[in-house]
Structure formats: structure tokens, C-alpha cells
Amino acid sequence: EAAVTQSPRNKVAVTGGKVTLSCNQTNNHNNMYWYRQDTGHGLRLIHYSYGAGSTEKGDIPDGYKASRPSQENFSLILELATPSQTSVYFCASGDALGGRYEQYFGPGTRLTVL
Amino acid sequence: GDQVEQSPSALSLHEGTGSALRCNFTTTMRAVQWFRKNSRGSLINLFYLASGTKENGRLKSAFDSKERYSTLHIRDAQLEDSGTYFCAAGPLLSGSFNKLTFGAGTRLAVCP
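Comments concerning the overall build of chain A
What chain A contains, in helices and strands, is 0 helices and 11 strands. Going residue by residue from the N terminus, the α and β elements of chain A occur as β-β-β-β-β-β-β-β-β-β-β. The globule rule puts the C-alpha radius of gyration for 114 residues at 13 Å, and the 13 Å found for chain A is close to it. Oriented by its inertia axes, the alpha-carbon framework of chain A measures out at about 45 × 30 × 25 Å. Of all 114 residues assigned to chain A, the portion counted as buried reaches 52%. Contacts in chain A between residues far apart in sequence, at least 24 positions, make up 55% of those at least 6 positions apart. When the accessible surface of chain A is split by element, carbon and sulfur atoms take 49% of a total near 5,100 Å².

Below, the structure written as C-alpha cells:
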């Protein structure tokens, strides 16, 4: 079973502050992803990574940066947090080994920006 | 862009009954995943299908890439089945990267 952990699990930030959400996976997957999920909507892709040192923009990257310093770790950075970024953030990892494209999700981080 | 239409948006079931959730895709997808978001907010992997059907306990899922849909059947619903169910799928021609597009979710409430 894939193991993806996220920290913190809950975060309250002030408008204009910097927020860093961390994700760690122990499955040696190449691909990692950051999504946000808002009430009444499915998850939407913010950034993703193919491996250490790579970051790519997803569907809604504005206001977010990402960092992949190692195979295991993938961070999402909000340099200037805004109330519109209040959401639940999910990290995921996955690979294409054997043609299986399954993604495994972390437990989520609930971010509130006041 | 790729769209995933999930229905119904909300569903109420009495314990012991069953129903089906459905996702329609606007393009050919190579695989589908189904998740349940539990009361703690975590996403639980239910199924991954590249084709055909899979069954796990009281849940059964089917995926037809050619006809562009997937279903999740729940039978003998229990209170602990309550939560929001999501389908997600990735397009066929996306190389080794799997860009999932999610449906908007189905909020299931199971009542005594």
C-alpha cells in the first residue's frame, strides 16, 4: 500500500503570509502532484513533478509555487496567501510501472487564510 | 479540456439498499479511479480500472473506455458508506504522466 504523508494537517494563516505545505512519499514514485479540493468540486491540479528537481504547472498554478528537492518530498508554497486559497490540499504520488497509472493520496491539509 | 461528469450529485439511501453512481467522460480515458472521502477528510482508494469490472465486498465498479463511462455500484449500503465519492480519470494519450481529471463528487448519505 502506498504511503503518502502530509504536514501540517491543519493550518491557519494570515493574508499576505507565506505558507509551505509538505508532502512525503515512501514508495519511490517518480510522479508527485498537488491538488486542491473545494466544497462541491472535484480535486483540481495545481502543480506536479516528474522527479527530483522538476516542477510543472497544472491547471490552476497561479499564486502557488512548488519544490521537489528529492524523490520523496514535494512542497507547495504560497508566497502571499489570500483568502481565496482557503481549501483542502491533497498531495499524491504515482508512477506508470507496468502500465498502471494509479495515484495514491495523502490525508489532506486543511488551510484557512484569514 | 477533458471533462468528467459525475452523477448524481447527491444521494440518500436507506441501510440495506443499493444504487449506482456514474461518470461520463468527454474523451477516451485510459483508466479510472474511484475514491471515497471519509468523515476525516481523507481520500480512500476504492478502485483502479483500466478496463472491465472489479468487485470488492459490497462495491462493484465498471469501466468502458470506448463508451466513455464508468460506474460504481453499492449494494447493501451501511452507515459507514456515507461520504463523498469521486471518480477521476486520465486521458489515453498523455504518455507516462497521468493527469487525472476529477468529477465533482457524489455526496452519499446512508440513513438507518
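There's plenty left to go through after this.
Brief notes about the overall build of chain B
If you tally the helices and strands in chain B, you get 0 helices and 11 strands. Starting at the N terminus and ending at the C terminus, chain B contains elements arranged as β-β-β-β-β-β-β-β-β-β-β. Over its C-alpha trace chain B gives a radius of gyration of 14 Å, about what one expects of a compact globule, namely 13 Å for 112 residues. Projected onto its principal axes, the C-alpha positions of chain B cover 45 × 25 × 20 Å. The 112 residues of chain B split such that 47% are buried. Of the contacts formed within chain B by residues at least 6 apart in sequence, a portion of 56% connects residues at least 24 apart. Surface exposure of chain B reaches about 5,200 Å², of which carbon and sulfur atoms provide 48%.

What about the sheet that holds strand β7 (residues 65–67) of chain A?
Residue and element names in this part refer to chain A. Strand order across the open sheet formed by 4 strands is β1-β3-β8-β7, with antiparallel pairing between neighbours. Bordering the open sheet on either side are β1 (4–7) and β7, each of which pairs with just one other strand. Taking each pair of neighbouring strands and ignoring which way they run, the sheet shows an average axis angle of 20°. Of the pairings in the sheet, the one linking strand β3 (residues 19–25) to strand β8 (residues 73–78) comprises 6 bridges and is antiparallel in character. Looking across to β8, one finds that S22 is bridged to S75.

Topic: the pattern of salt bridges
Per the counting criterion, the structure on display carries 5 salt bridges over all chains. Between R44(A) and D38(A) there is a salt bridge, with the nearest N and O atoms lying 2.7 Å from each other. We classify R44(A) as partly exposed; its relative accessible area is 35%. Between R58(B) and D81(B) there is a salt bridge; the shortest N-O distance is 2.6 Å. One end of the pair, R58(B), is in the loop between β6 (52–56) and β7 (59–64); the other, D81(B), is in the loop between β8 (69–74) and β9 (83–91), with 23 residues separating them in the sequence. With a relative accessible area of 22%, R58(B) lands in the partly exposed category. D81(B) sits in the buried class, given a relative accessible area of 5%. Three or more residues joined by partner-sharing salt bridges are found here, namely R36(A), D38(A) and R44(A).

Let's talk about the interface of chain A and chain B
The interface is formed by 23 residues belonging to chain A together with 21 residues belonging to chain B. Carbon and sulfur atoms supply 55% of the area that chain A and chain B bury against each other, a total of about 1,900 Å² over both sides. The interface formed by chain A and chain B contains 1 salt bridge. D59(A) serves as the salt-bridge partner of K99(B), at 2.9 Å between the closest nitrogen and oxygen.

Let's talk about the sheet that holds β8(B)
Residues and elements named next belong to chain B. Here we have 5 strands laid out as an open sheet, ordered β1-β3-β8-β7-β6, and antiparallel in their pairing. This sheet does not close on itself; its edge strands, each paired only once, are β1 (4–7) and β6. Looking at each pair of strands side by side, their axes are set apart by 15° on average, direction ignored. In the sheet, β1 pairs with strand β3 (residues 19–25) via 4 bridges, with the strands oriented antiparallel. Looking at the pairing, E5 lines up with N24 of β3.

Reading the values: rules and limits
- Residues numbered from 1 in each chain as written.
- Chains lettered and ligands numbered in written order.
- Predicted model: local features only at pLDDT ≥ 70, side-chain atom pairs only at ≥ 80, totals over all residues.
- Heavy atoms only, no water.
- Helix = DSSP H or I, 4+ residues; strand = E, 2+ residues; numbered from the N terminus.
- Rg over C-alpha atoms; globule rule 2.2 N^0.38 Å.
- Buried < 20%, exposed > 50% of the residue type's maximum accessible area, 1.4 Å probe, protein only.
- Contact = heavy atoms within 4.5 Å.
- Areas by Shrake-Rupley, 256 points an atom, 1.4 Å probe, with all protein chains shown as cover.
- Pairing = 2+ DSSP bridges.
- Axes fitted to C-alpha atoms, helices over the stretch in contact; angles between N-to-C directions.
- Salt bridge = Lys/Arg side-chain N within 4 Å of Asp/Glu carboxyl O.
- Buried area = accessible area lost by both parts, 1.4 Å probe.

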